[in-house]
2 protein chains.
Amino acid sequence: MADCLCTPTRVLLGRGAEDSLGEELRKEGAGKVLIHYGSRRIVENGLMKRATDQLDALGIPYIALGGVQPNPRVALIREAIELGRKEGVDFIVAIGGGSVIDSAKAIAYGIADRSCGDVWDFYTKARTPEASIPVGVILTLAATGSEMSDSSVISNDEGQLKRGCNSDLCRPRFALLDPELTYTVSPYQTSCGTADMMMHTLERFFHPGPSFSLTDDLAISLLRNIAENGLKALEDGEDYEARKNLMWASSLAHNGLVQMGNGGRGDWACHQMEHELSGMFDVAHGAGLTAIWSTWARYVCSADPARFALLGEVFGLSRTGSDTEDAESAINAFEDYFRRIGMPVNLHELGITPSDEEIDLLAEKAVFFGKRKIGAFRILGKEDIKEIYSAAR
Amino acid sequence: MADCLCTPTRVLLGRGAEDSLGEELRKEGAGKVLIHYGSRRIVENGLMKRATDQLDALGIPYIALGGVQPNPRVALIREAIELGRKEGVDFIVAIGGGSVIDSAKAIAYGIADRSCGDVWDFYTKARTPEASIPVGVILTLAATGSEMSDSSVISNDEGQLKRGCNSDLCRPRFALLDPELTYTVSPYQTSCGTADMMMHTLERFFHPGPSFSLTDDLAISLLRNIAENGLKALEDGEDYEARKNLMWASSLAHNGLVQMGNGGRGDWACHQMEHELSGMFDVAHGAGLTAIWSTWARYVCSADPARFALLGEVFGLSRTGSDTEDAESAINAFEDYFRRIGMPVNLHELGITPSDEEIDLLAEKAVFFGKRKIGAFRILGKEDIKEIYSAAR
């Protein structure tokens, strides 16, 4: 089986990238645009006006809908789909971070869905999306990599569920990455973003089957740069090079590059366990991931200690000759790093203390009520998941 | 100014990738295909039949035209354009290496050219291509990266000229990369390919303006993997991992990834000097590049010795504290490596001994008869170029 990489997103990286919005929409032949966003911050700081001025200048009509929350809710998405259909929207511009982009992707599936069914079906896997209207992005938060990825993750308050849908159909047509737009991202969100892109790389690093040295090397370079520049951005939020590094790293960590030749898929158990935490407790995605990762790592490490040992290169650790020892050192180094950027390394530090009953329910949801197992580097059933959640408390 | 990356090529990497040809053409809606190739080797070894069987099974009509030479000639391209127009070809499948793909791209520009002018005009920059019919690739030689790149380079026997044309229009729609198809590539061609992809990375590494650490790190990882796996493929032509590494590296070295954030362009003086050598002496591209590179490097090194010193990481050199010394060590290490894989590091080793008059003519052609200078890391005029050619003898 050949691995596939498909990254059609046209990326502009650098100061003023957002000023190409009009030109990109013109090239794409956008007829009517929905501008989708989160808080009113982009209205207050003038970014919205800089965007709409470009559409006005080209005579491209648009409507705007904000209010996307972190862990974007399907309720707003359903509303946007109805609005978009009524208004004849044929292009969505997401201005924001991963939540806004993921919400935009869901809306794009919904508007293009000829059956007019419920968009949530795509996220429960009851149906597979067959079409999408195009999406473009002005990124304001470096984290999820949704600006180039095939992935969209949304939440449903009904059942406290967080579910993802992957399809090349939803990869954005263009992504405008101006590092200066992330200067005002708070230290906490900078850390969550740093953690998120490290985890996207790590999830792919732990794949089943033989490894491909070129991709491993690229992944380690990526992790090292994320780690170094995450610290720099925390020291000085207006460090242009650091913000630029994180912005481009977020895209590369999730566009598929670091899984190419490694079987084309990763482990993703930590993501699946985090989705249940977010669904139940509405935690920040990056923080939810680091709160689980080292416990997961120690639980599965024996499957291939050499793989974990290799990760020591990210932090320049020297090798002792024992893979098991070096694996433990590498896991400790990641844990130390996460703590250094203020990220939790267990559920207590994440601020939640799930009861045994809650842990049972979290595990039950993670295995889709008995319908699946999770993980690929090491496959995990409900009992494994319960043990990991418990040990992470 | 923001840097732009646009890599729409759908890449399949792994054993049997070529068996997806039919499926990819179906997805693309190909109506009538021109299969373009070089020598009859692909007919004799059965690859052609494996390709055409897939088209036959789907009822996709096709014609085939072989005979592409290294340094593909515009004469064959003109013939193919006429044939393609007459036959109503709307998709070209290139089966081969860089020469075949570059020839296919030129044909694709020509068939789509409404003015029906001479395709050579796009390569002299007299005209800019405005359209292209789509191209897909089955790769049989890892070297030029044309399978993902925006570049096409062809030769004209009239005037002994070799010229390139760059446009996102010509990026292939898909690239099918089966490492096993390169098992029979000769040691000499394996070395030329290894050199070519290293040079594509190096040309981009030497850019004007400030550097971007993430891209620098990825470039160094790429160079290290190319160097290691070039040696392995020479030791054992059927080393799957080595062939896979080289195949994917050839694409990454030339698809734009390793210039992202570094101003989006590189130096390219060595390529331009090599183009004139190839035009006049018909040398192998990779060998022509290594025959020039170290002389160029020493000539321009003083512009930024630290940049050359950084390259020592490719070969694990330790630093002395002096950028100038470390730069010279890094250049020497590249020279040693090129010699180790049997590549020339001067014109004599390349097998040519241009006279002073020929060097004057080479330099005159390189500056387009006084119309341009070359290089960007350090800009070179005709006298500089003459000095480099002379010192490289």
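Since the structure is predicted, the reported quantities are computational estimates derived from the model, not experimental observations. (Residues numbered from 1 in each chain as written. Chains lettered and ligands numbered in written order. Predicted model: local features only at pLDDT ≥ 70, side-chain atom pairs only at ≥ 80, totals over all residues.)

Here the focus is the relation of the copies chain A and chain B. Copy one and copy two of the chain differ by a rotation about a common axis and a shift along it. Aligned on chain B, chain A shows an RMSD of 0.0 Å; the corresponding rotation is 180° and the shift along the axis is 0.0 Å. Read as a symmetry element, the transformation amounts to a two-fold axis. Ranked by how close their C-alpha atoms come to the rotation axis, the residues of chain A are headed by proline 8 of chain A, at 2.0 Å. Interface overlap between copies is the fraction of interface residues in one copy that are interface residues in the other; for chain A against chain B it reaches 100%, indicating a shared surface. (Least-squares fit on C-alpha atoms with pLDDT ≥ 70 in both. Contact = placed C-beta atoms within 7 Å.)

Below, the discussion takes up the sheet that holds strand S3 (residues 62-65) of chain B. Hydrogen bonds between backbone atoms are what pair the strands of a sheet, whose relative direction is either parallel or antiparallel. Overall, mixed pairing links the 12 strands, which are arranged S3(A)-S2(A)-S4(A)-S5(A)-S8(A)-S1(A)-S1(B)-S8(B)-S5(B)-S4(B)-S2(B)-S3(B) in an open sheet. The outermost strands of the open sheet, each flanked by one partner alone, are strand S3 (62-65) of chain A together with S3 of chain B. Adjacent strand axes in the sheet meet at a mean angle of 20°, parallel and antiparallel pairs treated alike. Inspection of the sheet shows strand S1 (residues 3-13) of chain A paired to strand S1 (residues 3-13) of chain B by 7 bridges, in the antiparallel sense. Following the sheet pairing, leucine 13 of chain A is matched in S1 of chain B by aspartate 3 of chain B. (Pairing = 2+ DSSP bridges. Helix = DSSP H or I, 4+ residues; strand = E, 2+ residues; numbered from the N terminus. Axes fitted to C-alpha atoms, helices over the stretch in contact; angles between N-to-C directions.)

This paragraph deals with the domain arrangement of chain A. Residues and elements named next belong to chain A. The assigned domain composition of chain A is domain 1 (10-181) and domain 2 (185-391). On a C-alpha basis, the centroid separation for the pair domain 1 and domain 2 is 26 Å. Each partner contributes to the interface: domain 1 provides 20 residues, whereas domain 2 provides 25 residues. Contributions of two or more residues to the side of domain 1 that touches domain 2 are made by S1, strand S7 (161-166) and strand S8 (174-177). For the side of domain 1 that touches domain 2, the class distribution of residues is 12 nonpolar, 6 polar and 2 charged. (Domains from an automatic or database assignment. Nonpolar A, V, L, I, M, F, W, Y, C, P; charged D, E, K, R; others polar.)

Let us look at the packing of helix H7 (residues 187-205) of chain A against helix H9 (residues 240-254) of chain A. All names here are of chain A. Orientation of H7 relative to H9, taken along the N-to-C sense of each, is 30°, at an axis distance of 8 Å. As summarised for this structure, H7 and H9 are arranged roughly parallel, according to the angle between their axes. Crossing angle aside, the handedness with which H7 passes H9 is left-handed. Listed contacts from H9 to Gly193, Thr194, Met197, His200 and Thr201 of H7 are Leu246, Ala249, Ser250, Ala253 and His254. The residue makeup of the contact of H7 with H9, split by class, is 4 nonpolar, 6 polar and no charged. (Parallel < 35°, antiparallel > 145°, perpendicular 65-115°, else oblique. Left-handed = near helix turned anticlockwise from the far one by under 90°.)

Attention now goes to the interface of chain A and chain B. Each partner contributes to the interface: chain A provides 30 residues, whereas chain B provides 30 residues. When residues of the side of chain A that touches chain B are traced back to their parent elements, those giving at least two are S1, helix H8 (213-235) and H9 of chain A. The greatest single-element share of the side of chain A that touches chain B, amounting to 10 residues, is contributed by S1 of chain A. For the side of chain A that touches chain B, the per-class residue count stands at 16 nonpolar, 9 polar and 5 charged.

What follows concerns helix H1 (residues 21-28) of chain B. All names here are of chain B. Taken together, the buried positions of H1 are Leu21, Glu24 and Leu25. Projected down its long axis, H1 carries its buried residues within an arc of 95°, all on one side. Glycine 29 sits one or two residues past H1 and shows a positive phi near 70°. (Buried ≥ 20, exposed ≤ 12 C-beta atoms within 10 Å, placed from the backbone. Arc of directions from axis to C-beta.)

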